[in-house]
Amino acid sequence: WERTLRMSVLKCYRRTSPLLLQNGTWPAAYNGFDDENIGLFFGGGTESLLTLGHLLHEGIRPMLVSFGGPGWSGADPEANPDKFLIDLKISKEQGLKLLRIRTNFKEIFDERAWRRSVKKGVNMMNAVLLMPYFISSVFPVVEQLRIGRLINGIEKTNFPHEYSCFSPLMTTLYGDLGKDVYYQSHLGHMYKEDVVRDLYCNHPEIAKYQYSCWRNFHRRWCYQCESCFEYYALIKSHQIDPTLIGMDEKWFIERISEGA
């Protein structure tokens, strides 16, 4: 944790300052175990789906760890029920356990309070807090669920400071943030185009669950945002019917015409 904090300060803060992290003397409240479960952070996008496809191909059946709550774009239970229906559908059809974590973390966090501290253009939530929060939020139940390894799919990109906490530099520091609980980042050698090609062409049975729109409201795709345009173009470029990922092509073209 100390290494993680120091690197976050170096990459994202305006000024560096002395850092002291004082741990308690009590040991962690959970114990290690041999027959561990693997937890896969699952947002429903192409990276988490392809990582799931790779794990299933290797004979590994992970527990899906899904986040949501008030203020989470695309993952608010009241505004985005499709996301949670898809989570439930994939867990049932693939015979996987599902851990749902509902939190108002984003709603109570005031980004404005950190603007003086972080560099220009840096969002405290996306750059510093989000990935460590995902990992640490599972710690309270790792013993009960026998989770010994946490896995995330993060594709290769330039990673500006805005998304520093997801960068390879940072994720390598997350490896052993808890006692006998380890973190691994997958897909770091693949660009977006490689990820979707592998997913759409080699794992269509997994691709059908894709959920990648974060501006929707009571629907799976909004057909207006950058993400919808991106994935429509990507799936068409591979000569695959958009209905595979739940897209209505006729409706999408009509929305494009309206925008024009």
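For the structure itself, look to the data block above.
First, a word on scope: everything that follows refers to the structure included in this document. (Residues numbered from 1 in each chain as written. Predicted model: local features only at pLDDT ≥ 70, side-chain atom pairs only at ≥ 80, totals over all residues. Heavy atoms only, no water.)

All right, on to the nonpolar core then. One finds F41, M131, F134, I135 and V138 to be the most contacted residues of the largest nonpolar core, which totals 39 residues. Excluding residues that lie within four positions of it along the chain, V138 makes contacts with F41, V65, L99, I101, I147 and L150. (Core = buried A, V, L, I, M, F, W, Y, C linked by side-chain atoms within 4.5 Å. Buried < 20%, exposed > 50% of the residue type's maximum accessible area, 1.4 Å probe, protein only. Contact = heavy atoms within 4.5 Å.)

Here we take up unusual backbone geometry. Where the residue is not glycine, phi is negative for most of them; where a peptide bond is considered, it is trans in most cases. Even without glycine at this site, R146 takes up a positive phi of about 55 degrees. As for its position among the elements, R146 is in the loop between α6 (142-145) and β4 (147-153). One non-glycine residue, Y223, adopts positive backbone phi at about 65 degrees. Among the structural elements, Y223 can be located in the loop between α9 (204-207) and α10 (226-237). (Helix = DSSP H or I, 4+ residues; strand = E, 2+ residues; numbered from the N terminus.)

As a further point, take the sheet that holds strand β1 (residues 37-41). Read across the open sheet, the five strands follow the order β3-β2-β1-β4-β5; overall the sheet is parallel. Each edge of the sheet is formed by a strand with only one pairing partner; in this case those strands are β3 (98-102) and β5 (182-186). Across the sheet, the mean angle from the axis of one strand to that of its neighbour is 25 degrees, orientation sign disregarded. Pairing geometry for β1 and β4, over four bridges, is parallel. Bridging from a neighbouring strand, N37 pairs with I147 of β4. (Pairing = 2+ DSSP bridges. Axes fitted to C-alpha atoms, helices over the stretch in contact; angles between N-to-C directions.)

Turning our eyes to something else, we now look at helix α3 (residues 81-93). The end-to-end C-alpha distance of α3, which contains 13 residues, comes to 18 Å, matching closely the 18 Å that a straight helix rising 1.5 Å per residue would cover. Of all the positions in α3, only K83, F84, I86, D87, I90 and S91 are classed as buried. The arc that holds every buried residue of α3, seen down its axis, measures 155 degrees, which confines them to one face. Set apart from the buried face of α3 by more than 90 degrees, the exposed residues are L85 and K92. Structurally, α3 contributes buried residues whose contacts are with α2 (46-57), β2 (63-68) and β3. Directly after α3, the chain includes G95, whose backbone phi takes a positive value near 65 degrees. (Expected span 1.5 Å × (residues − 1). Arc of directions from axis to C-beta.)

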